[in-house]
Number of protein chains: 4
Amino acid sequence: MADKRVNKVVLAYSGGLDTSIILKWLQTTYGCEVVTFTADLGQGEELEPARRKAELLGIKPENIFIEDLRDEFVRDYVFPMFRANAQYEGLYLLGTSIARPLIAKKQIEIAEKVGADAVAHGATGKGNDQVRFELSYYALKPDVTVIAPWREWNLTSRTRLIEFAEQHQIPIAKDKRGEAPFSVDANLLHASSEGKVLEDPAAEVPDYVYSRTNDPESAPDTPTVISIAFEKGDPVAIDGQRMGPAALLAKLNELGRINGIGRLDLVENRFVGMKSRGMYETPGGTILLLAHRGIESITLDRGAAHLKDELMPKYAELIYNGFWFSPEREMLQALIDRSQEFVTGEVRLKLYKGGVYVIGRESPYSLYDQELVTFEEGAVAYDHRDAAGFIKLNALRLRTLAQRKKKLGL
Amino acid sequence: MADKRVNKVVLAYSGGLDTSIILKWLQTTYGCEVVTFTADLGQGEELEPARRKAELLGIKPENIFIEDLRDEFVRDYVFPMFRANAQYEGLYLLGTSIARPLIAKKQIEIAEKVGADAVAHGATGKGNDQVRFELSYYALKPDVTVIAPWREWNLTSRTRLIEFAEQHQIPIAKDKRGEAPFSVDANLLHASSEGKVLEDPAAEVPDYVYSRTNDPESAPDTPTVISIAFEKGDPVAIDGQRMGPAALLAKLNELGRINGIGRLDLVENRFVGMKSRGMYETPGGTILLLAHRGIESITLDRGAAHLKDELMPKYAELIYNGFWFSPEREMLQALIDRSQEFVTGEVRLKLYKGGVYVIGRESPYSLYDQELVTFEEGAVAYDHRDAAGFIKLNALRLRTLAQRKKKLGL
Amino acid sequence: MADKRVNKVVLAYSGGLDTSIILKWLQTTYGCEVVTFTADLGQGEELEPARRKAELLGIKPENIFIEDLRDEFVRDYVFPMFRANAQYEGLYLLGTSIARPLIAKKQIEIAEKVGADAVAHGATGKGNDQVRFELSYYALKPDVTVIAPWREWNLTSRTRLIEFAEQHQIPIAKDKRGEAPFSVDANLLHASSEGKVLEDPAAEVPDYVYSRTNDPESAPDTPTVISIAFEKGDPVAIDGQRMGPAALLAKLNELGRINGIGRLDLVENRFVGMKSRGMYETPGGTILLLAHRGIESITLDRGAAHLKDELMPKYAELIYNGFWFSPEREMLQALIDRSQEFVTGEVRLKLYKGGVYVIGRESPYSLYDQELVTFEEGAVAYDHRDAAGFIKLNALRLRTLAQRKKKLGL
Amino acid sequence: MADKRVNKVVLAYSGGLDTSIILKWLQTTYGCEVVTFTADLGQGEELEPARRKAELLGIKPENIFIEDLRDEFVRDYVFPMFRANAQYEGLYLLGTSIARPLIAKKQIEIAEKVGADAVAHGATGKGNDQVRFELSYYALKPDVTVIAPWREWNLTSRTRLIEFAEQHQIPIAKDKRGEAPFSVDANLLHASSEGKVLEDPAAEVPDYVYSRTNDPESAPDTPTVISIAFEKGDPVAIDGQRMGPAALLAKLNELGRINGIGRLDLVENRFVGMKSRGMYETPGGTILLLAHRGIESITLDRGAAHLKDELMPKYAELIYNGFWFSPEREMLQALIDRSQEFVTGEVRLKLYKGGVYVIGRESPYSLYDQELVTFEEGAVAYDHRDAAGFIKLNALRLRTLAQRKKKLGL
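About the cut-offs
Note on numbering: residues in each chain are counted from 1, in written sequence order. The lettering of chains begins at A and the numbering of ligands begins at 1, in the order of writing. Side-chain atom pairs in this predicted model are given and counted only at pLDDT of 80 or more, local residue features only at pLDDT of at least 70, and totals for whole chains, interfaces and linings cover all residues. Heavy atoms throughout the structure, all of them, feed into the side-chain values; hydrogens and water do not. Helix and strand definitions follow DSSP, with helices as H or I runs of at least four residues and strands as E runs of at least two, each counted in order from the N terminus. For every residue, the accessible area (1.4 Å probe, protein chains only) is compared with the maximum for its type, and the residue is labelled buried under 20%, exposed over 50%, or partly exposed between those bounds. Any two residues having at least one pair of non-hydrogen atoms within 4.5 Å are treated as being in contact. The Shrake-Rupley method, run with a 1.4 Å probe, gives the accessible areas here. Residue values count only the displayed protein chains as cover. Here the positive residues are Lys and Arg and the negative ones are Asp and Glu; neither His nor the chain ends is included. Lysine's charge is taken at NZ, arginine's at CZ, aspartate's at CG and glutamate's at CD. Any carboxyl oxygen of Asp or Glu within 4 Å of a side-chain nitrogen of Lys or Arg constitutes a salt bridge here. A least-squares fit on C-alpha atoms brings the copies together, and the residues used are those whose pLDDT is at least 70 in both copies. Working rule for helices: expected span equals 1.5 Å times residues minus one. Under this definition, polar contacts are N or O atom pairs within 3.5 Å; protein pairs additionally need one hydrogen-donor-capable and one acceptor-capable atom, and for neighbouring residues in sequence, both atoms have to be side-chain atoms. When residue character is reported, Ala, Val, Leu, Ile, Met, Phe, Trp, Tyr, Cys and Pro are called nonpolar, Asp, Glu, Lys and Arg charged, and the others, Gly included, polar. When two components associate, each loses some accessible surface as probed by a 1.4 Å sphere; the sum of these losses over both components is called the buried area. Following DSSP output, two strands are said to pair if at least two bridges run between them. Handedness of a crossover is defined as follows: orient the strands so they point away from the viewer, and if the path from the first strand over the helix to the second runs clockwise, the crossover is right-handed. Lines fitted to C-alpha atoms define the axes, with helix axes restricted to the stretch in contact, and inter-axis angles between N-to-C directions lie between 0 and 180 degrees. Relative orientations are named as follows: roughly parallel for angles under 35 degrees, roughly antiparallel for angles over 145 degrees, roughly perpendicular for angles from 65 to 115 degrees, and oblique for any other angle. Note on convention: the crossing is left-handed when the near helix lies turned anticlockwise from the far helix by less than a right angle, right-handed when the turn is clockwise. Domain start and end points were adopted from an automatic or database domain assignment. The term nonpolar core refers to a set of buried residues drawn from Ala, Val, Leu, Ile, Met, Phe, Trp, Tyr and Cys, joined through side-chain atoms within 4.5 Å. UniProt positions are given in the numbering used here, feature names are shortened, and annotations may be inferred rather than shown by experiment.

Caption draft 1: Local environment of the overall build of chain A. Per the secondary structure count, chain A includes 13 helices and 14 strands. Judged by the C-alpha coordinates and their principal axes, chain A covers about 85 × 55 × 45 Å. Taken across its 410 residues, chain A has 67% of its residues classed as buried. In chain A, the proportion of contacts linking residues at least 24 apart, taken out of those at least 6 apart, comes to 72%. Carbon together with sulfur atoms contributes 48% to the accessible area of chain A, which is approximately 14100 Å² in total. Treating the 52 positive side-chain charges of chain A as one cloud and the 59 negative ones as another, the clouds have centres 4 Å apart.

Given below as structure tokens:
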């Protein structure tokens, strides 16, 4: 790829050692102008140090872009995804996957603004993130040049990376000299860890890997009871207090963190073809998923609910694989959103030592009709005798099959 | 229906008050011979009292059938279902649904043996169980006459039922005179409760409804760590000790009970069209589901795993709706079973105050290949540069779409 | 059901003998006011005779409703369904199924207007149409009383029906005295025939059953070539001439009729549980389906197209089963419609003796890019070497599986 | 790739100019021993000339493998696929896709036998066939080296190819000097053509491209009526005459050819990301598909049939994309095969000028029950009154939804 000419590249820049090395490598390898983009997605790091570091590495002030994306992230990416109750491979809440398209989108917007012809990211050549970044880039700017340094350079060991950094006067924090025992990705939805100490799927995740949640064993001995209010499928308030998207998710994270909620030790299948083992902490998301299912349980019709359930794995797979900006994801989103019109109401939950329990739900639009359910015959729609006909016709084809078997002596 | 002539009917008989009333009602209404069938599916009740009660109500000894079905139930119904990771509406482990086909099958077998022309059950006219019983009956004996007393008789209140019982000298336990505050179904997989005190979905399930599990809050303060061994998708041993199907599930239930695992408060959509609220306790099943997903995570290929995930909701719906004995359930089972050949190995889990956590898994057939995952470039199959081509071709159609948009100025 | 009190009923009235008998039977059985609704859906019959007949049978002029629904039918029902390429059981174009919801909707609208508390239809108790009518009624007016005379009355033979007609001075055309050799349903989309002479699925459909199409053998010896223009998934012009929905479909019907297109002899599975054999003639629809697939083939992305194909059987089943007015059909429609934004362009077709052949398609929004396809290497997006990486990563999991097999000596 | 050392390579060799060039290129580029494999899959070419040509190009006799795979191809690949009624993108019968895995499998078998470490094919770098070959290679021999000359060499124009051929004394037929106006793939199931003159999707396919079928316009004026007998989902006889798989398909091809059946002009979506336009002739397959659907229509239960229909697009996509030897294809096959046990009987069809019409079907296992369908009430399973209950319960949730709307004044 280094054979392609590049004039200006927008780099997804965290301010950390690795993306600083990339920054320098881009300058030296491509001889191009580097524009940095640093986003706050709730990863829990200051952004200003990233600005100072970029300046230090010679980036012109007008080429440094820093943006707080927390509300946009939660409102336009996390919440739409939770409307679908998305879980990859039955369990993973897609915390990393859902952040990539937004970062990519912003890089492309900046590229258009500053007239850059390339974008670059710091994802490795074995993971899913390279795919998520690049599919998004291409979907939004088909003629963009994509630079993925980890696939291109020869800095293929920690030693070489450190050498390169020293050679180019990139400051190296002491604890970054050696290889990290695991790598971390974090945003407002989750923190994920993988690599090194986590690579043996038979070995328990060491305590020190967790950063977002209390160990359930050291969580409070008394449960926390909360209520979450939903409007059209999205959470809008906790315990009666309305909050913006990011504030609300942050609050759920705090509640989850305290109560040791949302740890997941998983072996998953990557889009690039191999299995990997990761540890995820999604405190607020874990609460949100169950709360959303709770409010749907009384406001969503069976036909709508089952259709959503059948399509969820495909929807989750699309997001995991990086196809957020694809027609099929958008079509599924249209289908899902169509179902959420009346998903409004309140869910009460108990949080306790790693567990989330829905203990009550109510809605002005509830389809739960006590009249229909009580065992005493009411004046209403349901007539016991209807059930006989219902069963008879549902059984008809099974009886015909059985008759055939009988005729054949089977 | 009472206009149909019936000679001999096989009744699913629990020995309780309700099915005793049904027994008498069948005799008096249809004037037919009644054959009772009482099964042990692990509901936790003695069977001999049922025999004595049947005799008391005038059933001839040769017409009383009592059978211990626990191993058959777990081996041929529960385990095949867990191979699919089946959860109805995302959460319910189908404990009631999966027991009905087996009871129905046994009733039909007895009917064939004793020459009965009818079968009867004690399920009400508003629930799913009537459907599950009757679809199974018809699928196995298409010409059978089905009697569902709750849909036919006029004993439509507790008062009338008690009157009828008194009239016919059916013994009534004191606590059965009034209406039960909720109704219970139980077997080796789960106990479910619904009705009356549970009917308001906004109100928390009262403590006294739980019967199978400790409250997480009063569960032990120290976690239990166990290992479950699987062979071809089915659990075969706990902590290295091989056990038969029923014994194994009973052991998991005990472990789950102690640690407060498997409580579920759910509003679900019934096949007959209304929503209902139930409380389920599935201690062993909850552990089993996560353990099975755990062993699959290292032994199942992505293609197989995702196909299973996509089809699971339909499979679960079929069981919930009573279509166990249908071609489509059997076809799906063939697909699922085909995938389990190498789902063999061991999973370690931590059980703690309501939570189940997979903490390790290993298998002689593991597809998890540390060589492929380590970040250092290996000599093996994975070449970083392949990722570039992979992404490029996956992106091609998205770029073409973007080009169209661009051309249109959108 | 005749035990229910009914004040005013809106009857779907064709003016034919059967619905005239129903009209009288409703008056005599329920003693209620009858409101007739006669719609033109392109069945090819005059409507004014229906008015005269209704008057003759004592219906007050203000209770006679007659409406030309052809454009609404095609625009709001047929075209949306064709956007999905819907075919039930792989072949049937759903001509009857799609008309029922519209008729039902109009009956309910009239019921609301005239203050009727009931609706009635002339569909038999063994078919799908009763389900389609009634599910639509209930979905639009949940408290309506539904009267289905064929399920209620004792006019269970042709002889009795004729007796009843004579008794009540209902005029009987000579050819209606005996039993019809088959029954017909017709509208602008299709004509279907079933019953009697068609009941043996081994016997060929007799010539005289066809009414809408030439026998391919007697169709012209020279092909007709036409072009159909689409906008956002719907056809808008034939051979450059813009037409309204009904006119356009009528034109396609005429072209299809001449060329012997759209005959289908089918054994299908009814929703009520049995198989039935029908003969369908859908001349215009058969052309439209292939034309629509043709324009989609160059304007729809693969992801969108495959998602549509996977969901089509479910969508078709919903319409067949009568769930047009259900959340799940509406959700699927939202998904489908989302995909049609650029399904605009022109398709050329050859019609010849029963066959329809797409011979060309073009669009201002075509995604077909000759640059990408030509075998000579271009300057463009596609690099042959990318294919190697693409294949390698797609193969990775298969190689891992093969390695396992090898290790095991399998 | 040419950097990899290769000792012995098994080449899929047709004997034509292109694979002869590849043969030579492999020898000169890799300096390795070349083993040729030439298969008869019914492409309609002599195999002995390929042997002579291989010898001429210096291949040792023991390194020339020639095999007649026609029966294996049809029995183990074509027929299983037709059990699924597979059509890619609604129309394409997958004639090319289904042949690749078999050729690949044989190459790998030979590689194992002769101790070769590599395989090579003549598919280009822009098509699907490279993917199908290579996924199959890797799935069967994970450590094999794959050589795809069209992606590696610099013979990127016709001129260079011819130069190379001349340089290496490869005989060149006169008509091969210029570029072919289109490229062809053929086997017993179909012939496909693409490229050059077919590249404009708006332009009609020229007459001279067709090779397997009469133009419908010049097909006989009298229809041919045939009957096909099926056993467990596979065709076994035509007009009462039992035939082996290849003979039977050849006979259907002949019948189809005469009657101008099975032409398809299609724009499809390739797995590698772009659209392409192809012309397919599948005379026998087109007849077979309709015949199979015909026999299924009376022998397959609705549940089984609809499940198959829902999964078919995914199954077809897997085959199209080259995943024949994948767990998910095998799982789907297990599901499909499970359904075919009673798909036995006879279908009569009329073939006429491009059209195939099912005109009758019968089976000893027919589920079509005339008793159930006749309009006169029978003594049997179907009671009209059951329909009322059936509809009522199916409508219940729709009524609840409507009640909510009403309550909200919507």
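Caption draft 2: Geometry of the pattern of salt bridges. Residues and elements named next belong to chain B. Going through the model one piece at a time under the given rule, you end up with 148 salt bridges over all chains. In this structure, the salt-bridge partner of Arg-51 is Glu-48, at a minimum N-O distance of 2.9 Å. Residue Arg-51 and its partner Glu-48 are located together in helix 2 (residues 48–56), separated by three residues, close to a single helical turn. Here Arg-51 falls in the partly exposed class, since its relative accessible area comes to 28%.

Caption draft 3: Fine view of the relation of the copies chain B and chain A. In screw terms, the move from chain B to chain A is a rotation of 180 degrees and a rise of 0.0 Å along the axis, fitting with an RMSD of 0.0 Å. In short, the pair behaves as if placed about a two-fold rotation axis. An overlap of 100% is found between the interface residues of chain B and their copies at the interface of chain A, pointing to a shared contact surface.

Caption draft 4: Examining helix 3 (residues 70–83) of chain D more closely. All names here are of chain D. For helix 3, built from 14 residues, the straight-helix expectation of 20 Å at 1.5 Å per residue is met to within 8% by its first-to-last C-alpha distance of 18 Å. Among all positions in helix 3, only Glu-72, Phe-73, Val-74, Tyr-77, Val-78, Phe-79, Pro-80, Met-81, Phe-82 and Arg-83 are buried. Tucked into the core, helix 3 has its buried residues touching helix 4 (100–114), strand 9 (234–238), helix 8 (245–258), helix 9 (283–299), helix 10 (302–321) and helix 11 (327–339). Looking one or two places after helix 3, you find Asn-85, whose phi comes out positive at around 55 degrees.

Caption draft 5: Summary view of the interface of chain B and chain A. On the side of chain A, 101 residues touch chain B, which itself brings 101 residues to the contact. Applying the counting rule to chain B against chain A returns 10 salt bridges. In this structure, the salt-bridge partner of Arg-397 of chain B is Glu-328 of chain A, at a minimum N-O distance of 2.4 Å. For the pair chain B and chain A, the interface holds 32 residue pairs in polar contact (both at pLDDT 80 or more). In terms of residue class, the side of chain B that touches chain A is built from 45 nonpolar, 20 polar and 36 charged.

Caption draft 6: Structural view of the interface of chain A and chain C. With 23 residues of chain A at the contact, the number on the chain C side is 23 residues. Together, the buried faces of chain A and chain C total about 2000 Å²; carbon and sulfur atoms form 73% of this surface. When the buried area of chain A at its contact with chain C is split by residue, Leu-307, Met-331 and Arg-338 of chain A rank highest and sum to 29% of it. Along the contact surface separating chain A from chain C lie four salt bridges. The shortest N-O distance in the salt bridge between Arg-338 of chain C and Glu-330 of chain A comes to 3.6 Å. Taken together, the connections running from chain A to chain C amount to zero residue pairs in polar contact (both at pLDDT 80 or more). Mapped onto the side of chain A that touches chain C, the elements with two or more residues apiece are helix 10 (302–321), helix 11 (327–338) and helix 13 (384–407) of chain A. Sorting elements by how many residues they give to the side of chain A that touches chain C places helix 11 of chain A first, with eight residues. Within the side of chain A that touches chain C, the residues separate by chemical class into 12 nonpolar, three polar and eight charged.

Caption draft 7: View of the pairing of strand 3 (residues 64–68) of chain A. Residue and element names in this part refer to chain A. As paired elements, strand 2 (residues 33–40) and strand 3 share five bridges and run parallel to each other. Along strand 3, the bridge assignment pairs Asp-40 with Asp-68. Following the backbone out of strand 2, through helix 2 (residues 48–56) and into the adjacent parallel strand 3, one traces a crossover that is right-handed.

Caption draft 8: Spotlight on the packing of helix 3 (residues 70–83) of chain A against helix 4 (residues 100–114) of chain A. Residue and element names in this part refer to chain A. At their nearest, the axes of helix 3 and helix 4 sit 10 Å apart, and the two run at 120 degrees to each other. Taken together, the axis directions place helix 3 and helix 4 in an arrangement best described as oblique. Where helix 3 crosses over helix 4, the handedness of that crossing is right-handed. The segment helix 3 lies against helix 4, with Glu-72, Phe-73 and Tyr-77 engaging Pro-101, Leu-102, Lys-105 and Lys-106. In terms of residue class, the contact of helix 3 with helix 4 is built from four nonpolar, no polar and three charged.

Caption draft 9: Examining the relation of the copies chain A and chain C more closely. Note on the copies: chain A fits chain C at an RMSD of 0.0 Å, the axial shift is 0.0 Å, and the rotation between them is 180 degrees. Here 100% of the contact residues of chain A are again contact residues in chain C; the copies associate through an equivalent surface.

Caption draft 10: Summary view of the domain arrangement of chain A. Assigned domains within chain A: domain 1 (8–70 + 96–176), domain 2 (183–299 + 342–362) and domain 3 (370–409). Centre-to-centre separation of domain 2 of chain A and domain 3 of chain A, based on C-alpha positions: 41 Å.

Caption draft 11: Structural context of the nonpolar core. Core analysis: the largest hydrophobic core is formed by 404 residues, its most contacted members being Phe-73 of chain A, Phe-73 of chain B, Phe-73 of chain C together with Phe-73 of chain D. Apart from the residues lying within four places of it in its own chain, the contact partners of Phe-73 of chain B are Leu-41, Val-78, Ile-98, Ala-99, Leu-102, Asn-187, Leu-188 and Leu-189 of chain B.

Caption draft 12: Structural context of the UniProt feature "binding site: L-aspartate" (unreviewed entry) in chain A. Residues and elements named next belong to chain A. As recorded in UniProt, the feature "binding site: L-aspartate" (unreviewed entry) lies at Thr-124, Asn-128 and Asp-129. Structurally, Thr-124 is set in the loop between strand 4 (118–120) and helix 5 (129–140). Counting through the fold element by element, Asp-129 comes out in helix 5.

Caption draft 13: Focus on the packing of helix 10 of chain D against helix 11 of chain D. Residues and elements named next belong to chain D. Contact pair helix 10 / helix 11: the axes reach a minimum separation of 10 Å and the direction vectors enclose 145 degrees. The chirality of how helix 10 crosses helix 11 is left-handed. Every residue of helix 11 that contacts helix 10 at Leu-307, Lys-308, Leu-311, Lys-314, Tyr-315, Leu-318 and Ile-319 is listed here: Glu-328, Arg-329, Leu-332, Gln-333, Leu-335, Ile-336 and Ser-339. Its residues assigned to classes, the contact of helix 10 with helix 11 shows eight nonpolar, two polar and four charged.

Caption draft 14: View of the sheet that holds strand 11 (residues 263–269) of chain C. Residue and element names in this part refer to chain C. Strand order in the open sheet made by the four strands is 6-7-12-11, with antiparallel pairing throughout. Unpaired on one side and paired on the other, strand 6 (183–186) and strand 11 mark the two borders of the sheet. Ignoring which end each strand starts from, the neighbouring axes of this sheet average 25 degrees apart. Here strand 11 runs beside strand 12 (residues 275–281); their pairing, made up of seven bridges, is antiparallel. Within strand 12, the position partnered with Glu-268 by the bridge is Ser-276.

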